[in-house]
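Chain by chain, the residues:
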Amino acid sequence: MTTTPEQKKEPSIGADASKPFVLKPFVEIINISKNFDNFVAVSGINLQIAEGEIFALLGSSGCGKSTLLRMLAGLETPTTGEIIIDGQDMASIPPFKRPINMMFQSYALFPHMTVEKNVAFGLKQDRVPKKQIKERVMEILKLVEMEAYAKRKSHQLSGGQMQRVALARILVKRPKLLLLDEPMAALDKKLRAQMQIELVDILEDVGVTCIMVTHDQEEAMTMASRIAVMDKGSIIQTGPPSVVYEFPNSRFTAEFIGSVNLFHGKIVEDAADHAIIRCEEIENDVYIDHGVTGTADMLVSVAIRPEKMIVTHDKPDEKYNWTQGIVEDIVYLGSFSTYYVKLTNGKRAIATQANLNRTIHERPTWEQKVYLSWLPVSGVMLTK
């Protein structure tokens, strides 16, 4: 069972240390909907986010994630529902008075100002005393490792450095809630991967609660403590990255988060400790090592991640959980290779294998017949 922000465990102090306790949600989104004329952009969303949590809204373009973020910021008015932040209803509070700062895809730094002045700009607008501004600006520049660039103009900075300055400009105002809209979109792949980890470290050091919007699955899984997968204005699944990936609750989530093999069939045996699914797409029945909530002849799908597929030249000795095909394509990615295998019925399966040694002569190659197999624990049964 996974823990939620509402049910975390206390530190191991005293006799009742293992007893779960309830944390008051820092952000509550209650039955929020947003309509644009006849178009429903967000539909009846309910979320609770804990203080200090990094939470990701993940979905493709047009799924409603940015609209939800804009309603939190006060840039859009909900059609129905409530937004409560730190116990305060945001309905009557204008954007500039909300305890929120938002960082957009465009960093929007002032080109005529130095890094130091860019970061200080918001504090000056708030009429913070000069001495405090100087102290807070240098403190936050040190945190984001931009202290040495304080006197540079924004056009003299790299993409990663500009992002640090934009983040510093937001954090220096000490917001209760930080909203990030596709924060890494302007960076190249290598720099993006580096900045994801660095940004998490900075946010954890500051202790700010963060809600981010992204369509990048790797970004969400790297940065967030929990993910909400969205589609057509609704939340499909919420949970820690490992749970959403390993135990998707629907075909949509299974296919959206990473790659997956889906085999469709029906339940032919449902016992307390296992289930057997007959799939017409493969030669053998699929055995899952746990009971399922279903009935005989119920139509289901079995999801198997590519890295859980075992590729061999030899036919497995097992009765269940294997199929055969011909290698159509191979994608070599250094640490691992991805095999695209055409099965006997024409369906295409994907298997990922680690390249543990530099020279392996027995690796499958193009046009070779191979067998794909997997363990009983590897399959996840989906009913919707």
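These numbers were taken from a predicted model, which means no experiment stands behind them. (Residues numbered from 1 in each chain as written. Predicted model: local features only at pLDDT ≥ 70, side-chain atom pairs only at ≥ 80, totals over all residues. Heavy atoms only, no water.)

All right, on to a nonpolar patch on the surface then. Residues Ile 310, Leu 375 and Val 377 make up a contiguous nonpolar surface patch of roughly 270 Å² in combined accessible area. Tracing the sequence through the fold places Ile 310 in strand S17 (residues 310-312). (Patch = residues over 30% accessible without salt bridge, like charges linked within 9 Å, V, L, I, M, F, W, Y side chains within 5 Å. Areas by Shrake-Rupley, 256 points an atom, 1.4 Å probe, with all protein chains shown as cover. Salt bridge = Lys/Arg side-chain N within 4 Å of Asp/Glu carboxyl O. Helix = DSSP H or I, 4+ residues; strand = E, 2+ residues; numbered from the N terminus.)

Our next topic: the packing of aromatic side chains. All chains considered together, the criterion is met by five aromatic pairs. Ring centres of Phe 252 and Phe 256 lie 5.7 Å apart, and the angle between their planes is 10°; on these two criteria the pair is classed as stacked. Here the residue Phe 252 and the residue Phe 256 both occupy positions in helix H8 (residues 251-256), the gap between them amounting to four residues, near one helical turn. Classification of Phe 252 as partly exposed rests on a relative accessible area of 27%. Each ring, one from Phe 263 and one from Trp 374, has its centre 5.8 Å from the other, and the planes form 20°; the classification is stacked. Within this pair, whereas Phe 263 is found in strand S13 (residues 261-270), its partner Trp 374 is found in the loop between strand S21 (369-373) and strand S22 (380-382), the two being separated by 111 residues in sequence. Note on accessibility: Phe 263 and Trp 374 belong to one class, buried. For Lys 34, the ring lying beneath its charged end belongs to Phe 36, and the centroid distance is 5.1 Å. A cation over a ring is seen here: Arg 305 above Tyr 245, with NZ or CZ 4.1 Å from the ring centre. (Phe/Tyr/Trp six-rings, centres within 6.5 Å; stacked < 30°, edge-to-face > 60°. Buried < 20%, exposed > 50% of the residue type's maximum accessible area, 1.4 Å probe, protein only. Lys NZ or Arg CZ within 6 Å of the ring centre and 35° of its normal.)

Here we take up the pattern of salt bridges. Pairing of side chains with opposite charge becomes possible as their charged atoms draw close. The full count for this structure, using the stated rule, is 17 salt bridges. For Glu 76, the salt bridge goes to Arg 70, with nearest N and O atoms at 3.6 Å. For Arg 70, a relative accessible area of 31% gives the class partly exposed. The partner of Glu 281 in a salt bridge is Lys 347, with the nearest N and O atoms 3.5 Å apart. Taken as a pair, Glu 281 in the loop between strand S14 (275-279) and strand S15 (286-288) and Lys 347 in the loop between strand S19 (336-343) and strand S20 (348-354) lie far apart in primary sequence, 66 residues in all. Classification of Glu 281 by relative accessible area gives buried; the value is 17%. Accessibility expressed as a relative area gives 22% for Lys 347, which makes it partly exposed.

Moving on, we get to the environment of Arg 192. Mapped onto the fold, Arg 192 is located in helix H5 (residues 189-206). Accessibility expressed as a relative area gives 19% for Arg 192, which makes it buried. Between the C-alpha atoms of Arg 192 and Ile 93, which are 99 residues apart in sequence, the distance is 35 Å. When neighbours within four sequence positions are excluded, Arg 192 is seen to be in contact with Met 184, Leu 187, Asp 216 and Glu 219. (Contact = heavy atoms within 4.5 Å.)

For the rest of this paragraph, the subject is the sheet that holds S17. As a general point, the strands of a sheet are linked pairwise by backbone hydrogen bonds and lie either parallel or antiparallel. With antiparallel pairing, five strands are arranged side by side in an open sheet as S17-S21-S18-S19-S20. Pairing within the sheet leaves two strands with one partner each, and these edge strands are S17 and S20. Across the sheet, the axes of successive neighbouring strands diverge by a mean angle of 45°, strand direction being ignored. (Pairing = 2+ DSSP bridges. Axes fitted to C-alpha atoms, helices over the stretch in contact; angles between N-to-C directions.)

To continue, consider the pairing of S13. Both S13 and strand S16 (residues 299-304) contribute to a ladder of six bridges, which runs antiparallel. Paired with Asn 261 across the two strands is Ile 304, which belongs to S16. Examined bridge by bridge, S13 and S14 share five bridges and lie antiparallel to one another. By the bridge assignment, Lys 266 is partnered in S14 with Arg 278. In sequence, S13 turns back onto S14 through a hairpin of four residues.

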